[in-house]
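Notes for the structure review
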Amino acid sequence: AQTVTQSQPEMSVQEAETVTLSCTYDTSESDYYLFWYKQPPSRQMILVIRQEAYKQQNATENRFSVNFQKAAKSFSLKISDSQLGDAAMYFCAYRQSWGSNYKLTFGKGTLLTVNP
Amino acid sequence: GAVVSQHPSRVICKSGTSVKIECRSLDFQATTMFWYRQFPKKSLMLMATSNEGSKATYEQGVEKDKFLINHASLTLSTLTVTSAHPEDSSFYICSARTGNYGYTFGSGTRLTVV
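Throughout this description, residue numbers start from 1 for each chain and increase along the sequence as written. Each chain is given a letter, starting from A, and each ligand a number, starting from 1, according to the order in which they appear as written. For this predicted model, a pLDDT threshold of at least 70 governs which residues receive local features, and a threshold of 80 or more governs which side-chain atom pairs are given and counted, while totals over whole chains, interfaces and linings are taken from all residues. For the side-chain quantities, the full set of heavy atoms in the structure was used; hydrogens and water were omitted.

Digging into the overall build of chain A
To keep it simple, the criterion reads: In this text, helices come from DSSP runs of H or I with a minimum length of four residues, and strands from runs of E with a minimum of two, each type numbered from the N-terminal end. It is over C-alpha atoms that the radius of gyration is taken, and the globule rule equals 2.2 Å times the number of residues to the power 0.38.
When its secondary structure is counted, chain A shows 0 helices and 12 strands. Ordering the α and β elements of chain A from the N terminus gives β-β-β-β-β-β-β-β-β-β-β-β. Its C-alpha atoms give chain A a radius of gyration of 14 Å, near enough to 13 Å, the size a compact globule of 116 residues would have. C-alpha atoms of chain A, sized along the principal axes, occupy 45 × 25 × 20 Å.

Structure, rendered in structure tokens:
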């Protein structure tokens, strides 16, 4: 079974600084999808960024970018120019490319605090 | 974009009663709906996956008779917690698969059993 590990239960960053959240996963599949979701205090899950495993280029969405290392099975999220609104729980998630009902496997999450 | 409306947002029920949580896809057809349970400051735990018109697939350890899932239409999936007890108090979230690799989450339901 696939597992997703987020080794940092909590992280903090100063406003306007950069922070990197780590995520590793275990799979025997060669094709899959990886996601970062944000859950603010409202508890609404929000997609931050998505990466297809077959794409070598790292995904980027404005201030958010990933460092995808397929061989190392690592998928870290970098948040640049951190803002107060970035404070949230961040979950890394994995999904097989097909089958398994397309369900997501989530990591345990990293609680990010942004200090003014 | 795709929206999943989840109701109620909060519910308090007495021990032994049943409570129903609804998730509606407002502007798309949700063939697959996922139901999660989340404890405070914890991750989302998948309870079951439902496909429209078929029986739900439950994850190991989830009681099928306690957590009844119905997905009778492409726009509505429901989770009924039967004979609720205080240990069932939790945050429940639904999520619909949208497209090949998209997921839209409901806003969640906080269930308190007293």
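Past the structure itself, the notes keep going.
Notes on the interface of chain A and chain B
Applicable threshold: For this analysis, residues touch if any pair of their heavy atoms sits within 4.5 Å. Buried area counts how much accessible surface, traced with a 1.4 Å probe, disappears from two parts once they are put together, with both parts' losses summed. A pair is scored as a salt bridge if a Lys or Arg side-chain nitrogen falls within 4 Å of a carboxyl oxygen belonging to Asp or Glu. Under the rule applied, a polar contact is a pair of N or O atoms within 3.5 Å (in protein, one hydrogen donor and one hydrogen acceptor; residues adjacent in sequence only if both atoms are side-chain atoms).
Counting residues at the interface gives 19 residues for chain A and 25 residues for chain B. Summed over both sides, the interface between chain A and chain B buries roughly 1,900 Å², with carbon and sulfur atoms accounting for 51% of that surface. When the buried area of chain A at its contact with chain B is split by residue, Arg43(A), Asn101(A) and Lys103(A) rank highest and sum to 32% of it. Linking Lys103(A) and Glu59(B) is a salt bridge whose minimum nitrogen-to-oxygen distance equals 3.2 Å. Where chain A meets chain B, there are 9 residue pairs in polar contact (both at pLDDT 80 or more).

As for the layout of surface pockets
The test is simple: A 1.4 Å probe that fits but cannot get out identifies a cavity on a 1 Å grid over protein atoms alone, an open set with protein on both sides within 12 Å along at least five of seven lines counts as a pocket, and a residue lines either if it has an atom within 4 Å of a point. Grid points are joined across faces, edges and corners, and a volume is the space filled by probe spheres set on the points. Charged residues are taken to be Asp, Glu, Lys and Arg, nonpolar residues to be Ala, Val, Leu, Ile, Met, Phe, Trp, Tyr, Cys and Pro, and polar residues to be all remaining types, Gly included.
Looking at the largest pocket, its volume works out to about 420 Å³. Taken together, 18 residues line the largest pocket, and the ones lying closest to its centre are Leu104(A), Thr105(A), Phe106(A), Leu46(B) and Glu59(B). Residue assignment for the lining of the largest pocket shows that the elements contributing at least two residues are strand S10 (88-96) and strand S11 (105-106) of chain A together with strand S5 (44-51) of chain B. Counting residues per element, the lining of the largest pocket draws most heavily on S5(B), which supplies 3 residues. Grouping the constituent residues of the lining of the largest pocket by class yields 9 nonpolar, 6 polar and 3 charged. Approximately 260 Å³ is the volume attributed to the second largest pocket. In this structure, the second largest pocket is lined by Gln6(A), Pro9(A), Glu10(A), Met89(A), Lys108(A), Gly109(A), Leu111(A), Lys41(B), Lys42(B) and Ser43(B). Of the residues assigned to the lining of the second largest pocket, the class counts are 3 nonpolar, 3 polar and 4 charged.

Structural notes on the side chain of Gln96(A)
Residues and elements named next belong to chain A. Cut-off, in case you're wondering: Whether a residue is buried, partly exposed or exposed follows from its accessible area with a 1.4 Å probe, protein chains only, as a fraction of its type maximum: under 20%, in between, or over 50%, in that order.
Here Gln96 is to be found in strand S10. On the basis of relative accessible area, Gln96 is assigned to the buried category, the value being 17%. For Gln96, the side chain forms a polar contact with the side chain of Gln2, separated by 3.2 Å. For Gln96, the contacting residues outside a window of four places in its chain are Gln2, Glu29, Asp31, Tyr32 and Tyr33.

Some details on the environment of Val66(A)
Residues and elements named next belong to chain A. Tracing the backbone through its elements, the reader meets Val66 in strand S8 (residues 64-69). Taking C-alpha positions, Val66 is 14 Å from Tyr25, a pair spaced 41 residues apart along the chain. Once you skip the residues sitting within four places of it in the chain, Val66 turns out to touch Trp36, Ile49, Gln51, Asn58, Ala59, Phe75, Ser76 and Leu77.

Considering the pattern of salt bridges
All told, the structure shown has 6 salt bridges over all chains when counted by the stated rule. Between Glu22(B) and Arg24(B) there is a salt bridge, with the nearest N and O atoms lying 3.6 Å from each other.

What to know about the sheet that holds strand S1 (residues 4-7) of chain B
Residues and elements named next belong to chain B. Quick reminder of the rule: Strand pairing follows a simple DSSP-based rule, namely that at least 2 bridges must link the two strands. Every angle, taken between N-to-C directions, lies between 0 and 180 degrees, and every axis is a line fitted to C-alpha atoms, over only the stretch in contact when it is a helix.
Read from one edge of the open sheet, 4 strands run S1-S3-S8-S7, paired in antiparallel fashion. Every interior strand has two partners, whereas the edge strands, S1 and strand S7 (67-73), have only one. Direction aside, neighbouring strands of the sheet carry axes that sit 15° apart on average. Where strand S3 (residues 19-25) lies against strand S8 (residues 76-81), 6 bridges are found, and the strand directions are antiparallel.

Observations regarding the environment of Ala30(B)
Residue and element names in this part refer to chain B. Position of Ala30 among the secondary structure elements: in the loop between S3 and strand S4 (32-38). A residue is classified by how much of its surface remains accessible, and Ala30, at 1% relative accessible area, is buried. With 76 residues separating them in the primary sequence, Ala30 and Gly106 have C-alpha atoms 12 Å apart. Not counting residues up to four positions away in its chain, the partners in contact with Ala30 are Ser25, Glu52, His71, Leu74 and Ala96.

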